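Letter by letter, the chains look like this.
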Amino acid sequence: MTGAAERTSRMLVEDFEQIASAAPETVMLEFIDGRIREKPAPDGDHSEIVAWLLRRCMQVRPELGLYTTRGLKVEAYRRGRARPDGALVPVGHFAGHGEWSDPDGVLMTVEVTSYEDGTERHDRQEKTAVYAAVGIPVHLLIDRTAGTVIVHTNPDPERGYYADTHRAAVGEQVTVPDPVNITLDTEILKNYVR
């Protein structure tokens, strides 16, 4: 991950974790590429999309759990902290973990774009890059503004990107490949995108 891995932050990740743990429960913070960012509170449509995906995963892969806003250690040498909208792992995987977990064992991360300023850079670029950099096999991005569902696969941790990207319009069938192996009928998402 050329650019982000070479940059350094003046803040130590331990200092960020202290700040994040002291924040009110209504505030979720992330620390990516040396910057603290508040994760926007989800609106109703955002919540419906995540709930739909959670139900779909439970129906098809009941041995897996989609955990929402789970704290993950991301970036080279674990200097970052992210809260994906969803992290798909075997049920029980996060038992005994603290607030932040290593990404090992995460099969898929999910991000649903918000309508906040900075979403383009943060959700579509920065977070996709850090998930690739830590080797998460699949990253699913539901882009409400563009009306697309994007499946990123084959992470290249050294370069911080996914080698393969499949983009589909909301409403189409989307296949999420190994290790997830689910097909999503995204027709319902037309109700929740602009």
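Everything numeric in this text was worked out from a predicted model, so none of it was measured.

### As for helix H3 (residues 44-60)
Along its 17 residues, H3 runs 25 Å from first to last C-alpha, staying within 8% of the 24 Å computed at 1.5 Å per residue. For H3, the full list of buried residues reads His46, Ile49, Val50, Trp52, Leu53 and Cys57. Projection of H3 onto a plane perpendicular to its axis shows the buried side chains occupying an angular sector of 155°, all on one side. Summarising the geometry of H3, the exposed residues directed more than 90 degrees from the buried face are Met58 and Gln59. Where the residues of H3 are buried, they touch strand E3 (64-67), strand E6 (86-90), strand E8 (108-112), strand E9 (138-143) and strand E13 (182-185). Here H3 starts with a cap whose side-chain oxygen sits 3.2 Å from the backbone nitrogen of Asp45, and that cap is Asp43.

### A closer look at the nonpolar core
Counting 26 residues, the largest nonpolar core has Leu53, Met108, Leu140, Val176, Val180, Leu184 and Leu189 as its most contacted members. If you list the elements that add at least two residues to this core, you get H3, E3, E8, E9, strand E10 (148-156), strand E12 (173-176) and E13. With 5 residues, the top contributor of residues to this core is H3. Sequence-distant contacts of Val176, defined by excluding residues within four places in its chain, comprise Met108, Val138, Val151, Asn181, Ile182 and Leu184. Core analysis: the next-biggest nonpolar cluster, separate from the first, contains 14 residues, Ala82, Tyr131, Val134 and Tyr162 among them.

### Description of the packing of aromatic side chains
Counted under the stated rule, the structure contains 1 aromatic pair. Summarising the aromatic geometry, the rings of Tyr67 and Phe94 are spaced 5.4 Å apart at their centres and angled 85° between planes, so their arrangement reads as edge-to-face. Of this pair, Tyr67 sits in strand E3 while Phe94 sits in the loop between E6 and strand E7 (100-101); the two residues are 27 residues apart in sequence, bridging distant segments of the chain. Accessibility expressed as a relative area gives 29% for Tyr67, which makes it partly exposed. Taking the relative accessible area as the measure of exposure, Phe94 reaches 9% and is therefore buried. In this structure, Arg70 packs its charged tip against the face of Phe94, placed 4.9 Å from the ring centre.

### A closer look at the confidence of the model for the protein chain
Summary statistics for the protein chain give a mean pLDDT of 86 and a share of 86% for residues scoring 70 or more. Counted against residues more than four places away or in other chains, residues 1-8, with its pLDDT under 50, gives 18 contacts.

### Digging into the pattern of salt bridges
Following the criterion strictly, the structure yields 6 salt bridges and no others. For the salt bridge of Arg61 with Glu63, the shortest nitrogen-to-oxygen distance reads 2.6 Å. Overall, Glu63 belongs to the partly exposed group, its relative accessible area being 40%. Note that Arg83 and Glu99 form a salt bridge whose closest N and O atoms lie 2.4 Å from each other. Here the residue Arg83 occupies a position in the loop between strand E5 (80-82) and E6, and Glu99 occupies one in the loop between E6 and E7, the gap between them amounting to 16 residues. In this structure Arg83 comes out as buried when scored by relative accessible area, which is 9%. Among the residues examined, Glu99 registers a relative accessible area of 32% and is labelled partly exposed.

Conventions and cut-offs
- Sequence order sets the numbering: in each chain, residues are counted from 1 along the sequence as written.
- Local features in a predicted model are, by the rule used here, given only for residues with pLDDT of at least 70; side-chain atom pairs are given and counted only at 80 or more, and totals for whole chains, interfaces and linings are based on all residues.
- By convention in this description, side-chain values take in all heavy atoms of the structure and omit both hydrogens and water.
- Numbering of helices and strands starts at the N terminus; helices are DSSP runs of H or I of at least 4 residues and strands are runs of E of at least 2.
- What a helix should span is 1.5 Å times the count of its residues minus one.
- Here the term buried applies to any residue with accessible area under 20% of the maximum for its type, exposed to any over 50%, and partly exposed to those in between, with areas from a 1.4 Å probe on protein chains only.
- Arc definition: it is the arc formed by the directions from the helix axis to the C-beta atoms.
- Between two residues, a contact is recorded if the distance between any of their heavy atoms is within 4.5 Å.
- Here a polar contact means two N or O atoms within 3.5 Å. Within protein one must be a hydrogen donor candidate and the other an acceptor candidate, and residues neighboring in sequence count only if both atoms are side-chain atoms.
- Only buried residues count toward a nonpolar core, which is a set of Ala, Val, Leu, Ile, Met, Phe, Trp, Tyr and Cys residues joined through side-chain atoms within 4.5 Å.
- Aromatic rings from Phe, Tyr and Trp, with only the six-membered ring used for Trp, were paired whenever their centres fell within 6.5 Å, and each pair was classed as stacked if the ring planes differed by under 30 degrees, edge-to-face if by over 60, and tilted otherwise.
- Only when the NZ atom of a Lys or the CZ atom of an Arg is both within 6 Å of the ring centre and within 35 degrees of the ring normal do we say a charge sits over the ring.
- Per-residue confidence from the predictor is reported as pLDDT, a score between 0 and 100.
- Take a side-chain nitrogen of Lys or Arg and a carboxyl oxygen of Asp or Glu: if they are within 4 Å of each other, that pair is a salt bridge.

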